[in-house]
Structures are given as C-alpha cells and as structure tokens.
Amino acid sequence: MHWTKHIATCAAALLIGVAPFAVGGQTTPTTHMSKMKAASANGKDWWQNAVIYEIYPRSFQDSNGDGIGDLNGITKRLDYLRDLGVDAVWLSPIYPSPQVDFGYDISDYQNIDPQYGTLADFDKLVSEAKKRHIRVVMDMVMNHSSDKHKWFLESRSSRTNPYRDWYVWQDGKGQTETSKGEVPNNWQSDFGHSAWEWDEKTRQYYYHKFYIQQPDFNWDNPKVHDAFKDIIKFWLNRGVGGFRFDAITTLYEDPNLIDDDVMKDKDGKSFTNAYGDIALNDTRTNNLPGVHPVMQEVRATMDTFGANGFPGTRVLIGETYLPNVAELAKQYGTSDKPEFQLPMDTQVGFINKLDVAAFRAKLTDAETQLGSNTPLFVFDNHDNARLDARYGDGTHDTDIQRVIATMLFASRGTSLFYYGDEIGMKTTPPTRKEDVKDPVGLTGWPKDKGRDGERTPMQWEATANAGFTTDTAKPWLPVPPSASTINVQAEKADPNSLLAWYRSLTKLKKSNADLARGDEKMLDTDNSKVLSWERHTSGTSRVVVAVNFTAEAQTVNLAGGAKMPAVHLQTLLKTPGAADPASLGAIRLGPYGVYIGEAK
Ligand code: GLC
C-alpha cells in the first residue's frame, strides 16, 4: 500500500448480446449489449453510469513474444473486455519514453513507444474497440515530461534558450559564481529526497515533483498551455474517448517558494518516511488553485469535439488524491466553467480497512456533497498494493473482493477498476532488491518495495507464462505462482468465481433501472458489521444491498428505514451458497456475504 501511505504522508491528505449469466443459482436479466448501451445514454451521458477498466499496457498482453505487453495484445483481448461489460479502457502511458517511470516520463506526446506498437496499431485498437462499443481513454501527463523530451533538452541547453521558461528553474540559496549554494527550499519529490536537481551546465536547479528524470513544466508559461492544447487535439482527432489526467493536482507550486511544513506524529514529533526523509505536508506543491483554469481550458477544448461517432460526450478523468470531499467537489468546476466530468473519488476506495462506519460516511458524502455530479469510485490502480494486500485477511480474500466489488458497482456513480481485480490477482512484490524494476522500490527498499507487486502480468490461463506472453519468453516482471489457480480461463468455467461476480455486477449496473440511475440512501445506519443501502428511481421498486464486513454470519433487518413497505422481494444477486431471504426483515448473510434484491 505504499502509494497511499506515501500520499498520506506527503499531503496529509487522506487523514451487452449476452446470454443469461447465473451466479449463486441466480440469473440476472438478459439484455442485448447495444440496447443496454443506448439505454444508459438515454437522458444521462454514458460516463455517468460507466464501467471503466484500467490497463497497464506493459503487463496486459504481449503479442510479439518480447515479454512486454503491447497494443496489438490489447486488441486481441477486446472481446474479453466487452463480455466483462467494459465501456471504456484507460491505458496508462504508451507514448515514447525512456521508461524510467514506465511511461510516465514522456519524450514525445504525439507518438507511440515502439515497445508498444505504432500509431497504426493504435488506430486499429481504437476502431476495433469501437466495434465493441468500447472507448479508449489516454493517460495525459501535464505535470512533467521526460528529461529526454526535446523541450527539456532545449531548456537545459542555455539560460537564454526559448524553452528555458517551459520548466521550473531556480537559483540555489546563497548561490555564488563558484558555489551552487543550497537547494532553494525543503520541497521533496514524491519519490524521495529533494525535489530540486542541480544542472551544472546552466548553473541552476530545476524542480521535479517525481523522479529526477521528470522535470516539472512551468504552467505560468502560456506556451505550455498552447502546447498541451495541441497534444489534446491530436489525440481527439485520432478518436480517443477522453483522457485521464496524471498527477493533475501538482501542476503549480507556491511562487514564493515557502518551505513545506514538517508533519508531526501524535506526540508532536517529526518522523521520517520510507525514503528516510523528514515527512512533510506538501501543501505548497499540491492542490494549488491554478489547476482549475487549466482544466477549464482543457474541457473547453475537448467540448468543441464531437464524440467520434459514439453517443454522448468524451470524458475527462482526474487523478485527484485530495484531503476531503469539499476539495473533490471543486474538481468538477461549475456549469459555466466545467472541469472534470469524473475526478476520482479516492476518499472511498483508499480507506484501506473494512470499516462499516467509514464506508457509510464516505459513500454518503459522495451521494450528498457532490451536487448533481457523478462520483467516480476506484479502489485500486497501478500505484497501490492490490486489494488482497489492502483489504484481505489472507483467509477470505475472494469473499472480501466480492464485498469491495459490490460497493464499486452497486453505488450510484461510475466504476473504475484495475486489470486483474476481476479475477482476484494478488500483490506479488519482488523478494530481492536486485529484482526491483520500479525505482521507488530501490530508494525505499526494504520498507517500500515499489510498485512492481501490483504490475505483474495479467493471468489469462494456467500455462508457463499465464498466456501473457509465449511460454518461452521472459516476461518483464515474473508471473506470480498464484496464476496456476487464479486465472481467467479457470474462473470463466466456474459460475461461483470472482470473475462471474464482476460480470454479474456490471450487467446489473446497466440493466436494472434502480441500480443504473437510482438515488442512494444508507439503511440500518447503526449497524457496525453490515453496510446496507438502497437505490431507488421514481418507480415502485427499489434495490436493497447488504454487505457483511465480518467473518461471522450476520442477519439484518432492512424493513425499518425503507421508503416503502415491500410486499415482494426478489433476489438479483447473492453470495454463492446463500439462501433467498423470505423478507426484508431478516436477510441472513454468511461471512463477508452479499445480498442484492429488488423490493416491490
Ligand atoms: C501518477 C501515476 C504514477 C506516476 C506519477 C508520476 O501518480 O499514477 O504511476 O509515477 O504520477 O507521473
């Protein structure tokens, strides 16, 4: 869980032609895919009730046997994604890059890294995805480029170069003609140590919020704005469904270069983080207000484009780790000046503990504090240990993952999940420092082993390399031993598998009107063991959801706070092996059991 730990430390921020599909003896309604997609776009835009899937392209599917995933590999797996109910895939960066941060260090924003394919492969992926009603969302990194980008090479070539002002340059403290002085202030890189790097040739420091090889852009320079508008248009013209904006809250820094404050523990003492640095609150380099006009500009640019033949609009998704829901609400902008349609709600998904009261409070915030905006729920990504490590107990991990998936898909809003979550892939960090690929794992070893553990190859089948690459190739990260039992092929054949649960949930999310569009209200709100809520549109039906957060069986009575008395209760989905309850008054749940029913 190092990334969330890290965010908390630095920011102090986180104090369908588908056949009927049977799960647990229950059958969810049959709906034709294209009709379903049209219905969800009717009156509401697609992204307001969408299923979005994050692909880490390096690790998803290799098509040419070099052990690194690629675009043609993703194209091969589109039918799988369609059957999973996916509306859009977000690809982490596939642009040319020295790969110091595995693509988040971009050296050319308008091309594809040869490791992943060509622009022609990209166009093919977009058009094949479109045939399956799937949009392709690009990752857009505007905070920094690679130090090998031509703009930075120019910038660092001389103090008078026209690109000098595209990045953040600063004299040292007490710098003289012969000495570089000290770093300009105490600001730290999110990846450890000072955020300032001395450049001997031009004798100034440059600022990098992330790796030394990722210099930050100077967003006070209008030319940087223009350059990114052009980049965004380039990809919109190629038919992308939108963008996920990387590290977007870190675009601006305090112009007065004031030091960040030292964090204090409960005894009022400072402490060190995994990198051995004094932990700081990064309030002077994160979530500064300048980002709002930038996103208004980006949104205005995007909104001049149609949706490339899809119904509805394209979408802006934000990587928005923020301290509270009020800050999250600001990321949507206003109706006059809209910003993101879908800033990630990291309040809910990164609680990292199965705590009923905490989830009830955060889900209620998402329902009541974001105005008429749509929450984007997300529990996992390529920067955090996977769900097993953050929520599992080692014994009931699959059941716990059903619990998480239920909150993800049965809450009002859009659901984003990470490749492999649907089969329950396990976090598998390197065991030896010499095997670490992610540089933060080297800086933080052994306290922080980096992010390799959540980036291992997708587990498609029980063969030598799990179907990710050829049996004889060497995958860029090793295939975890758990692939022999946790894989798509095995789970497709098992109606009680986690994959089956995901498929049932995505289908219900689209086909059941209350789950698709209904308001959300928490039920049985004093219960500390079971989280229950209802979803209701305007009709006479409503959907009730009950989720047991404990390893003991629980019985809940949901008849009390309900808006309407239920005459009839029909099971929509329930944990394998559970019985149908006779009434709302006594819903019995097994350990980590889940019940979803329609009450009329
Ligand atoms: C974001 C990405 C992460 C990357 C960082 C720097 O947090 O998700 O993977 O390392 O930005 O670009």
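Scroll up to find the structure this text is about.
Heads up: these notes are all about the structure in this document. (Residues numbered from 1 in each chain as written. Predicted model: local features only at pLDDT ≥ 70, side-chain atom pairs only at ≥ 80, totals over all residues. Heavy atoms only, no water.)

### Some points on the sheet that holds strand β7 (residues 196–199)
Applied cut-off: At least two DSSP bridges between two strands are needed for those strands to be called paired. Each helix corresponds to a stretch of at least 4 residues labelled H or I by DSSP, and each strand to a stretch of at least 2 residues labelled E; elements are numbered beginning at the N terminus.
Taken together, 3 strands build an open sheet; the order of strands is β6-β8-β7 and the sheet is antiparallel. Lying at the two open borders of the sheet, with one neighbouring strand each, are β6 (169–170) and β7. Here β6 runs beside strand β8 (residues 204–207); their pairing, made up of 2 bridges, is antiparallel. By the bridge assignment, Gln 170 is partnered in β8 with Tyr 205.

### A look at the site of the ligand
This is how the line gets drawn: When we say a residue is near a molecule or strand, we mean one of its heavy atoms is within 4 Å of it. The definition of a polar contact used here is a pair of N or O atoms within 3.5 Å, where within protein one atom must be able to donate a hydrogen and the other to accept one, and adjacent residues in sequence count solely through side-chain atom pairs. Under the scheme applied here, ten amino acids are nonpolar (Ala, Val, Leu, Ile, Met, Phe, Trp, Tyr, Cys and Pro), four are charged (Asp, Glu, Lys and Arg), and all others, including Gly, are polar.
The environment of the ligand is made up of 14 residues, and the closest members are Asp 101, Asp 246, Glu 319, His 382 and Asp 383. Within the contact set of the ligand, an oxygen atom lies 3.0 Å away from a side-chain nitrogen or oxygen of His 144. Between the ligand and the protein, one listed contact pairs an oxygen atom with a side-chain N or O atom of Arg 244 at 3.2 Å. Of the residues assigned to the shell around the ligand, the class counts are 4 nonpolar, 3 polar and 7 charged.

### What to know about the environment of Phe 152
Quick reminder of the rule: A simple rule labels every residue: compare its accessible area, found with a 1.4 Å probe on the protein chains alone, to the largest value its type can have, and call it buried under 20%, exposed over 50%, or partly exposed in between. Here, residues are in contact when the closest pair of their heavy atoms is within 4.5 Å.
Residue placement: Phe 152 occurs in helix α6 (residues 150–155). For Phe 152, a relative accessible area of 0% puts it in the buried group. Phe 152 sits 62 residues away from Gln 214 along the chain, and the two C-alpha atoms are 9.7 Å apart. Once you skip the residues sitting within four places of it in the chain, Phe 152 turns out to touch Ser 145, Ser 146, Asp 147, Tyr 167, Trp 169, Tyr 206 and Pro 215.

### Notes on unusual backbone geometry
The step from Trp 445 to Pro 446 runs through a cis peptide bond, and the omega angle for that step is 0 degrees. The residue Gln 99 is not glycine, and still its phi comes out positive at about 65 degrees. By the element assignment, Gln 99 lies in the loop between β4 (88–91) and α5 (119–131). Residue Gln 99 is classed as buried on the basis of its relative accessible area of 10%. We note that Asp 524 has phi near 50 degrees; this positive angle belongs to a residue other than glycine. In this structure, Asp 524 sits in the loop between β16 (519–523) and β17 (530–536).

### Quick word on the side chain of Asn 381
If you trace the backbone, Asn 381 turns up in the loop between β14 (376–378) and α12 (387–391). For Asn 381, the side chain forms a polar contact with the main-chain nitrogen of Asp 383, separated by 2.9 Å. A distance of 2.8 Å separates a polar atom in the side chain of Asn 381 from a polar atom in the side chain of Asn 384. Apart from residues no more than four positions distant in its own chain, Asn 381 is found in contact with Glu 54, Tyr 321, Phe 350, Tyr 418 and Glu 454.

### Some points on the packing of aromatic side chains
Rules: Pairing of aromatic side chains requires ring centres within 6.5 Å, counting the rings of Phe and Tyr and the six-membered ring of Trp. Pairs whose planes differ by under 30 degrees are stacked, by over 60 edge-to-face, and all others tilted. Charges are assigned to positions over rings by a cutoff of 6 Å between ring centre and Lys NZ or Arg CZ, combined with an angular limit of 35 degrees from the ring normal.
Counted under the stated rule, the structure contains 40 aromatic pairs. Aromatic side chains Phe 122 and Trp 235 sit 5.1 Å apart centroid to centroid with 80 degrees between the ring planes, which places their arrangement in the edge-to-face category. Of the two residues, Phe 122 is situated in helix α5 and Trp 235 in helix α7 (residues 222–237); the sequence distance between them amounts to 113 residues. Centre to centre, the rings of Phe 152 and Tyr 167 are 4.9 Å apart; their planes meet at 75 degrees, and the pair counts as edge-to-face. One end of the pair, Phe 152, is in helix α6; the other, Tyr 167, is in the loop between α6 and β6, with 15 residues separating them in the sequence. With respect to burial, Phe 152 and Tyr 167 carry one shared label: buried. The side chain of Lys 130 reaches across the aromatic face of Phe 310, ending 5.8 Å from its centre.

That is the geometry; function is a separate question.
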